[in-house]
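# Notes for the structure review
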Number of protein chains: 2
Amino acid sequence: MTRPAKASSYHHGDLRRAILDAGEAELTEGGLAGFSLRRVAARVGVSHSAPAHHFGDTAGMIEALAERGFHRLLACMEARQAAGLQTPYERLLGSGMGYLDFALSHPGLFRLVFGRPAPPAPESGLRQAADAAFLHLAAAVAAVQGGAPLAHSGALAQVLACWTRVHGLAELALSGYIPNLADDPQSAPARAARDALFRELFEVHITPG
Amino acid sequence: MTRPAKASSYHHGDLRRAILDAGEAELTEGGLAGFSLRRVAARVGVSHSAPAHHFGDTAGMIEALAERGFHRLLACMEARQAAGLQTPYERLLGSGMGYLDFALSHPGLFRLVFGRPAPPAPESGLRQAADAAFLHLAAAVAAVQGGAPLAHSGALAQVLACWTRVHGLAELALSGYIPNLADDPQSAPARAARDALFRELFEVHITPG
DNA sequence: CTTGCAATCTTGACGCTGTCAAGTTATGAT
DNA sequence: ATCATAACTTGACAGCGTCAAGATTGCAAG
């Protein structure tokens, strides 16, 4: 049980969380390329090796940030799914729009989360966070089909189809390949345009003839 | 007119190309995260600042590698499209499979290419290489629909739908989120499994009811 | 042939980075 | 009150990108 917010010079009290907050801010400002443990430490106002003390090394801190990222992703999907209309299909689309919200409003964190190998350790917090996000999507797809999540073999393909579509759109939008989709991502009209394009691309069926 | 392959210690002769080759190899082995100009130089056997002399700085070298990447991507798509069956739809699927071939067999280069902002300068070689790859895809989609590339407004949506689907699958496969799709990507059975999954995900239509 | 110029590549230095070992300070249980 | 332990700092080291300056070579003009 760590006491929060002690004010003494030593024993910050909630330094781990403060460092993660600073790391997320650094990620937002400079992206993963220019990420530096020392700048994170300087932003919090602690010594240059305080981050390594809490996370082991750079990889450890990146992993902790990735776990946060999965939680934020899930929160974005749930928020938009709840705000969606009442049909399961509209709720599935809402989850996809939440996925896009997360990607466009936290580009650095999104790239950090998905630019690294999928978490393998079954009991790790990172893995659990990733699984929770995946299961959210699987449940949304299953609801459209009126069954339990991943009931039959074809169900996995349906989930993967949804996931790859929204993920591909998110990645290409982040890099600027989809015109006017990465500008001012928080604004209401930008979000509306994003939603409309996602719905259109999600439903398009390329006919073999 | 640069003379190729002079053997003197100074004036390597084709050092720019040699450095790019080494950079691509470093990318394959260590990914973009651990990329280092000094290791590239050491691999070629030249001084530590020779790369910067040719490319200005790290960003310049990354950009040159990205241009190479777009060319390789286009080559992969063309190779598989040509090997496809004769219907336009099968040729479109072939391009997508070539896209996946490139991503899975050059993970570092693929991530480098699409993990950076889309090239804005219209006359740059990088931009031209990117446009060529995009136009290849647009033409393949147009062929399915029996028209000229990007003839009507809905055509762009169709191209984006294809692009986001194959790109999302590539990204998620690279990170290991799609089971058994990133292992031994060069082997024939792996490629067959990849092709089958891509075809399935590409064609799946999520029904709103 | 040789002279001078420009391109090519090297050398050395600077500050910034991650990591590690050792030291300092506060916490909480005994 | 004491003391083990956790939290954090300090100092050092090698590797990194970048820049200025120097060394070497090819090439064209005279």
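Along each chain, numbering runs from 1 in the same order as the chain's sequence is written. Written order decides the labels, with chains lettered from A and ligands numbered from 1. Selection of residues for local features in this predicted model requires a pLDDT of at least 70, selection of side-chain atom pairs for listing and counting requires 80 or more, and totals for whole chains, interfaces and linings are taken over all residues. Side-chain measures were taken over the full set of non-hydrogen atoms in the model, leaving aside hydrogen atoms and water.

### Comments concerning the overall build of chain A
Here a strand is any run of E in DSSP of at least two residues, a helix any run of H or I of at least four, and the numbering for each starts at the N terminus. Scanning chain A from N- to C-terminus turns up 9 helices and 0 strands. Along chain A, helices (α) and strands (β) appear in the sequence α-α-α-α-α-α-α-α-α when read from the amino end. Taken along the three principal axes of its C-alpha coordinates, chain A extends 65 × 40 × 30 Å. Under the scheme applied here, a residue whose accessible area is under 20% of the maximum for its type counts as buried, over 50% as exposed, and between as partly exposed, the area being computed with a 1.4 Å probe on protein chains only. Taking all 209 residues of chain A together, 49% fall into the buried category. For chain A, the computed accessible surface area is about 10000 Å², with 56% contributed by carbon and sulfur atoms. Residues counted as positive are Lys and Arg, residues counted as negative are Asp and Glu, and His and the chain ends are not counted. For the purpose of locating charges, the reference atoms are NZ of Lys, CZ of Arg, CG of Asp and CD of Glu. In chain A, 18 positive and 19 negative side-chain charges are present, and the distance between their average locations comes to 5 Å. Here the accessible surface of atoms and residues is derived via Shrake-Rupley with a 1.4 Å probe, and residues count as covered only by protein chains that are part of the display.

### Considering a nonpolar patch on the surface
All names here are of chain A. Judged by side-chain polarity, L135, L150 and L156 come together as a nonpolar surface patch covering roughly 240 Å² of accessible area. Take L150: it is sitting in the loop between α7 (125-145) and α8 (153-174). Among the residues examined, L150 registers a relative accessible area of 33% and is labelled partly exposed. Patches in this entry comprise residues that are over 30% relatively accessible and not in a salt bridge; like charges within 9 Å are linked, as are nonpolar side chains (Val, Leu, Ile, Met, Phe, Trp, Tyr) within 5 Å. The rule for a salt bridge is simple: a side-chain nitrogen of Lys or Arg has to be within 4 Å of a carboxyl oxygen of Asp or Glu.

### Things to note about the protein's contact with DNA strand D
Surrounding DNA strand D, one finds 23 residues, the nearest of these being H12, S47 and H54 of chain A together with L37 and R38 of chain B. Atoms of DNA strand D within 4 Å of the protein: sugar and phosphate make up 56%, bases the balance. Under this definition, polar contacts are N or O atom pairs within 3.5 Å; protein pairs additionally need one hydrogen-donor-capable and one acceptor-capable atom, and for neighbouring residues in sequence, both atoms have to be side-chain atoms. Taking R39 of chain B, its side chain carries an N or O atom lying 3.0 Å from a phosphate oxygen of DNA strand D. Secondary-structure elements contributing two or more residues to the surface near DNA strand D are α3 (50-55) of chain A together with α2 (37-44) of chain B. Grouping the amino acids of the surface near DNA strand D by side-chain chemistry returns 6 nonpolar, 13 polar and 4 charged. Throughout, the term near means that a residue has one or more heavy atoms lying within 4 Å of the molecule or strand in question. Residue classes follow a fixed rule: Ala, Val, Leu, Ile, Met, Phe, Trp, Tyr, Cys and Pro count as nonpolar, while Asp, Glu, Lys and Arg count as charged, and any other residue, Gly among them, counts as polar.

### Points about the side chain of R165 of chain B
In this fold, R165 of chain B is placed in helix α8 (residues 153-175). Nearest to the buried, unbridged R165 of chain B among oppositely charged side chains is E203 of chain A, at 9.2 Å. From its side chain, R165 of chain B meets the backbone oxygen of L201 of chain A in a polar contact 3.1 Å long. Once residues within four sequence positions are removed from consideration, R165 of chain B is found in contact with T164, R165, L201, F202 and V204 of chain A together with F202 of chain B. Contacts: residue pairs with any heavy atoms within 4.5 Å of one another.

### What to know about the interface of chain A and chain B
Many structure descriptions define interface size as the accessible area lost when the parts assemble. Contact with chain A, which involves 39 residues of that partner, is made by 39 residues of chain B. Carbon and sulfur atoms make up 68% of the surface buried where chain A meets chain B, a total of about 3500 Å² over both sides. Each of two parts loses accessible area, computed with a 1.4 Å probe, when they are put together; buried area is these two losses added. Summed over the three residues of chain A that lose the most area to chain B, namely R165, Y177 and I206 of chain A, the buried surface amounts to 21% of that side. Put simply, chain A and chain B have 0 salt bridges between them. Our count for the contact surface shared by chain A and chain B stands at 10 residue pairs in polar contact (both at pLDDT 80 or more). Elements represented by at least two residues in the side of chain A that touches chain B include exactly α5 (88-105), α6 (107-114), α8 and α9 (188-203) of chain A. Here the residues of the side of chain A that touches chain B are counted per class, giving 23 nonpolar, 10 polar and 6 charged.

### Focus on the protein's contact with DNA strand C
In the vicinity of DNA strand C lie 25 residues, with L37 and R38 of chain A together with S47, H48 and H54 of chain B positioned nearest. When atoms of DNA strand C within 4 Å of the protein are sorted by moiety, sugar and phosphate together comprise 59%. Contacts to DNA strand C include H54 of chain B, whose side-chain N or O atom sits 2.5 Å from a phosphate oxygen. Elements with a minimum of two residues in the surface near DNA strand C: α2 (37-44) of chain A together with α3 (50-55) of chain B. Here the surface near DNA strand C is built from residues that sort into 7 nonpolar, 13 polar and 5 charged.

### Comments concerning the relation of the copies chain A and chain B
A residue counts toward the fit only if its pLDDT is at least 70 in both copies, and the copies are then superposed by least squares on the C-alpha atoms of those residues. For the pair chain A and chain B, the relating rotation is 180 degrees, the translation along its axis is 0.0 Å, and the fit reaches an RMSD of 0.1 Å. In the structure described here, the two chain copies are related by an operation that fits a two-fold rotation axis. The position closest to the rotation axis in chain A is occupied by the C-alpha of G168 of chain A, lying 1.8 Å away.

### Section: the domain arrangement of chain A
Residue and element names in this part refer to chain A. An automatic or database domain assignment provides the domain bounds reported here. Here chain A is partitioned into domain 1 (1-56) and domain 2 (62-203). Spacing between the C-alpha centres of domain 1 and domain 2 amounts to 28 Å. Counting residues at the interface gives 10 residues for domain 1 and 8 residues for domain 2. Of the roughly 840 Å² buried at the junction of domain 1 and domain 2 (both faces included), carbon and sulfur atoms supply 67%. Counting the surface domain 1 buries against domain 2, the share from its top three residues, L20, E24 and L27, is 59%. Across the domain 1-domain 2 interface, the total number found is 3 salt bridges. For R72, the salt bridge goes to E24, with nearest N and O atoms at 2.6 Å. Counting the contacts that link domain 1 with domain 2 gives 3 residue pairs in polar contact (both at pLDDT 80 or more). Top element by residues in the side of domain 1 that touches domain 2 is helix α1 (residues 15-30). It accounts for 7 residues. Among the residues forming the side of domain 1 that touches domain 2, the class breakdown is 5 nonpolar, 1 polar and 4 charged.

### Some words on the state of the cysteines
What counts as a disulfide here is a pair of cysteine sulfur atoms lying within 2.5 Å. All told, the structure shown has 0 disulfides over all chains when counted by the stated rule. The closest cysteine sulfur to the non-disulfide-bonded C162 of chain A is located on C162 of chain B, 17 Å from its own sulfur. Take C76 of chain B: it sits in no disulfide, and the sulfur closest to it among the cysteines is that of C162 of chain B, at 18 Å. A residue is classified by how much of its surface remains accessible, and C76 of chain B, at 21% relative accessible area, is partly exposed.

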